[in-house]
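# Notes for the structure review
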Amino acid sequence: MGRRLVLGVAFALVALIGFVAWVKLERRRPTAALARPPAALGRGGTIDVTLRDVGTGLAWGRVEVESNGATTVLASEAYPAQTWRGSGLFETTISTPLAPIDHKLGEGPATLRVFAGDYSWLRWLRSDPAVLEAPFTIDLSPPTLEVLSPQHHLTLGGLEFMLYKTSPDAVRSGVAVASYFFPGTAGLFADPTIHAAFFAMPQDLDRTTAAKAVAEDAAGNRREVMLHAVVKPRTFADRTLDLDDAFLERKVPEILAASRLPAQPDLVQGYLYVNRTVRRNSEVRIKDVTRASAATPRWDGAFLRQPNSAPLAGFGDRRSYRHDGAIIDTQTHLGYDLASLRQAPVVAASAGTVVLADYLGIYGDAVIIDHGLGIFSLYGHLSAITVRRGQEVQRGETVGRTGETGLAGGDHLHFSVMLYGVHVDPVEWWDGKWIRDHVTAKLEQYPRATTTATRDE
Ligand SMILES: [Zn+2]
């Protein structure tokens, strides 16, 4: 009996020691992975390293940079043990700014090293090599940026064209106006450093908003140059639209069904959903399909205006919607409403590529054409679409027929001109003199490239 007990205790002890040793003598070292490879890092650069361990868990982690023969510790973290096994922390991310100025790191090649340890007993025996090592470049110099066009004249809600030079290290350049960013296009000119960019003073901004040319390199170094821009004031018309129940009953279920949205029991609530949420979603989709544009201008002179049409509504109209005597909503009208005959042929304003030929929320059946350098035209409320996505069209070519699909009370064409999805006043594009003075004259200032242009991102 006693011998059995001794044997039992001895066996249990051996099993316990064996189990603890099995747990604590695990050989799997921590690993590290970078969120993105740090090809080049600048003043605002950050390093995100995810540390992982299996078994005992992470004990500590350290991120170092070696530059010009000196080592700088950017971050050092300790993860205390929670049980006899270890910390129980199997994954964590260290996010640390490079802060090259604070750390007195100079420009040039550098090496990132990550070290990490766990709670394995083997840590007392083994050496401690870096679990991750990555070469990168510290770059503190922003690209050069020179604005070539001295003066810029716009009207609120309208466009201007500008030229600038930037050094080849720029990976993103263009014009920033408040939170709007309008990318520039390279490759138009024999001098490859010259870029062209349209920019807008969008109708929802104050006309004194600063417009800045911007160039950024891969390390995030940014150069900004304030543009000399004179923005003419303008007022937009205030219009009140009366909504009757017959209109709501006809339109709300149609748009919700065509947008594959559930029916709304209350007609006014359904209308508000369409006028706000579906409207917003339509603009998100427009932004998406107008993200990339041809790198050469596809227009030749003024845009064609829908023939024999009378304007029903203009660009930037501030609309109030009245139902049963109460104003239930306000929205801005972002194009021209042009009416002629029912189901009249709709013509392409200028040559380009069809980027959308589909149902588009409040715009109903619609066509969007890319005319290059970020300029797009939109044709909405169509009763028929006669082109398909990807198709090349010529100025004056029929793309569909007018109708009243989407949020339209009668047969008409909704026509918009957009810069990378930002609606601008189409009147400038119907005006050959405006295009000559603001665009063509600047394009003719420098010899053009003979090869095909490419677009910046
Ligand atoms: Zn309209």
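Note that the coordinates shown come from a computational prediction; the quantities given were computed from them, not determined experimentally. (Residues numbered from 1 in each chain as written. Predicted model: local features only at pLDDT ≥ 70, side-chain atom pairs only at ≥ 80, totals over all residues. Heavy atoms only, no water.)

### Focus on the overall build of the protein
The secondary structure content of the protein amounts to 4 helices and 33 strands. In terms of overall dimensions, the protein is more spread out than a globule: its C-alpha atoms have a radius of gyration of 31 Å, far above the 23 Å expected for 457 residues. Expressed as lengths along the three principal axes of its C-alpha atoms, the size of the protein is roughly 110 × 60 × 40 Å. The 457 residues of the protein split such that 50% are buried. By sequence separation, contacts in the protein at least 24 residues apart represent 71% of the contacts at least 6 residues apart. Taken as a whole, the protein presents about 21,800 Å² of accessible surface, with 54% of it coming from carbon and sulfur. Treating the 48 positive side-chain charges of the protein as one cloud and the 50 negative ones as another, the clouds have centres 6 Å apart. (Helix = DSSP H or I, 4+ residues; strand = E, 2+ residues; numbered from the N terminus. Rg over C-alpha atoms; globule rule 2.2 N^0.38 Å. Buried < 20%, exposed > 50% of the residue type's maximum accessible area, 1.4 Å probe, protein only. Contact = heavy atoms within 4.5 Å. Areas by Shrake-Rupley, 256 points an atom, 1.4 Å probe, with all protein chains shown as cover. Lys, Arg positive; Asp, Glu negative; His and termini not counted. Charge placed at Lys NZ, Arg CZ, Asp CG, Glu CD.)

### Focus: the environment of Leu356
Relative to the assigned elements, Leu356 resides in strand S25 (residues 352–359). Using a relative accessible area of 2% as the deciding quantity, one classes Leu356 as buried. Along the chain, Leu356 and Val367 lie 11 residues apart, while their C-alpha atoms are 5.3 Å from each other. Aside from chain neighbours lying at most four places away, what touches Leu356 is Arg285, Val289, Ala366, Val367, Ile368 and Arg389.

### Quick notes on the coordination of the zinc ion
Donor atoms from the polypeptide that coordinate the zinc ion comprise His333 (NE2), Asp337 (OD) and His414 (ND1), at 2.0 to 2.1 Å from the metal. When the donors of the zinc ion are listed by position in the chain, the intervening gaps give H-x3-D-x76-H. With His333 in the loop between strand S22 (326–332) and strand S23 (336–339) and His414 in strand S31 (residues 413–419), the pair connects residues that are 81 residues apart, well separated along the chain. Judged by its relative accessible area of 3%, His414 is buried. (Donors = N, O, S within 2.8 Å, 3.2 Å for Na, K, Ca; no water.)

### Concerning the nonpolar core
Of all hydrophobic cores here, the largest spans 87 residues; its most connected members are Phe198, Tyr379 and Trp429. Both domains that furnish three or more residues to this core are identified here as domain 2 (145–234 + 447–455) and domain 3 (238–424). Non-local contacts of Phe198, meaning those with residues more than four positions away in its chain, are made with Leu159, Glu160, Phe161, Phe182, Trp299, Leu373, Ile375, Leu419, Trp429 and Val439. (Core = buried A, V, L, I, M, F, W, Y, C linked by side-chain atoms within 4.5 Å. Domains from an automatic or database assignment.)

### Regarding the domain arrangement of the protein
In many analyses, interface size is given as the accessible surface area lost on bringing the parts together. The domain boundaries assigned to the protein delineate domain 1 (27–138), domain 2 (145–234 + 447–455) and domain 3 (238–424). For domain 1 versus domain 3, the separation of C-alpha centres amounts to 53 Å.

### Observations concerning a nonpolar patch on the surface
A surface patch of nonpolar side chains, about 500 Å² in accessible area, is lined by Leu25, Trp121, Trp124 and Leu125. Residue position: Leu25 is located in the loop between helix H1 (2–24) and strand S1 (31–34). For Leu25, a relative accessible area of 38% translates into the label partly exposed. (Patch = residues over 30% accessible without salt bridge, like charges linked within 9 Å, V, L, I, M, F, W, Y side chains within 5 Å. Salt bridge = Lys/Arg side-chain N within 4 Å of Asp/Glu carboxyl O.)

### Some remarks on the pattern of salt bridges
Applying the stated criterion to the full structure yields 23 salt bridges. Across the pair Glu91 and Arg52 runs a salt bridge whose closest N-O atoms are separated by 3.2 Å. Here Glu91 is found in strand S6 (residues 91–97), whereas its partner Arg52 is found in strand S3 (residues 46–52), with 39 residues between them in sequence. A residue is classified by how much of its surface remains accessible, and Arg52, at 36% relative accessible area, is partly exposed. Measuring nitrogen to oxygen at the nearest pair gives 3.2 Å for the salt bridge that ties Glu404 to Arg250. Of this pair, Glu404 sits in the loop between strand S30 (398–401) and S31 while Arg250 sits in helix H2 (residues 245–258), placing them 154 residues apart in sequence. Looking at Arg250, the relative accessible area reads 41%, which means it is partly exposed. Each of Arg172, Lys212, Glu216, Arg222 and Glu224 takes part in one network of salt bridges that share partners.

### Some thoughts on unusual backbone geometry
If you check the backbone angles, Ala99 has positive phi at about 40° while not being a glycine. Note on placement: Ala99 falls in the loop between S6 and strand S7 (108–118). Unlike most non-glycine residues, Gln343 shows phi in positive territory, near 50°. Structurally, the position occupied by Gln343 is in the loop between S23 and strand S24 (345–347).

### A word on the packing of H2 against helix H3 (residues 267–289)
The contact between H2 and H3 brings their axes to 9 Å, and the two run at 55°. If you check the angle between H2 and H3, you find them oblique. In the packing of H2 onto H3, the handedness of the crossing is left-handed. On H3, the residues touching Asp245, Phe247, Leu248, Glu249, Val252, Ile255 and Leu256 of H2 are Leu267, Val268, Gly270, Tyr271, Tyr273, Val274 and Val278. Residue composition of the contact of H2 with H3, by class: 11 nonpolar, 1 polar and 2 charged. (Axes fitted to C-alpha atoms, helices over the stretch in contact; angles between N-to-C directions. Parallel < 35°, antiparallel > 145°, perpendicular 65-115°, else oblique. Left-handed = near helix turned anticlockwise from the far one by under 90°. Nonpolar A, V, L, I, M, F, W, Y, C, P; charged D, E, K, R; others polar.)

### Quick notes on the packing of aromatic side chains
In total, this model carries 14 aromatic pairs according to the counting rule given. Through pairs of rings, three or more aromatic residues link up here, namely Phe161, Phe198, Trp299, Phe303, Trp429 and Trp434. Taking the ring centre of Phe115 as reference, the NZ or CZ of Arg62 above it sits at 4.7 Å. (Phe/Tyr/Trp six-rings, centres within 6.5 Å; stacked < 30°, edge-to-face > 60°. Lys NZ or Arg CZ within 6 Å of the ring centre and 35° of its normal.)

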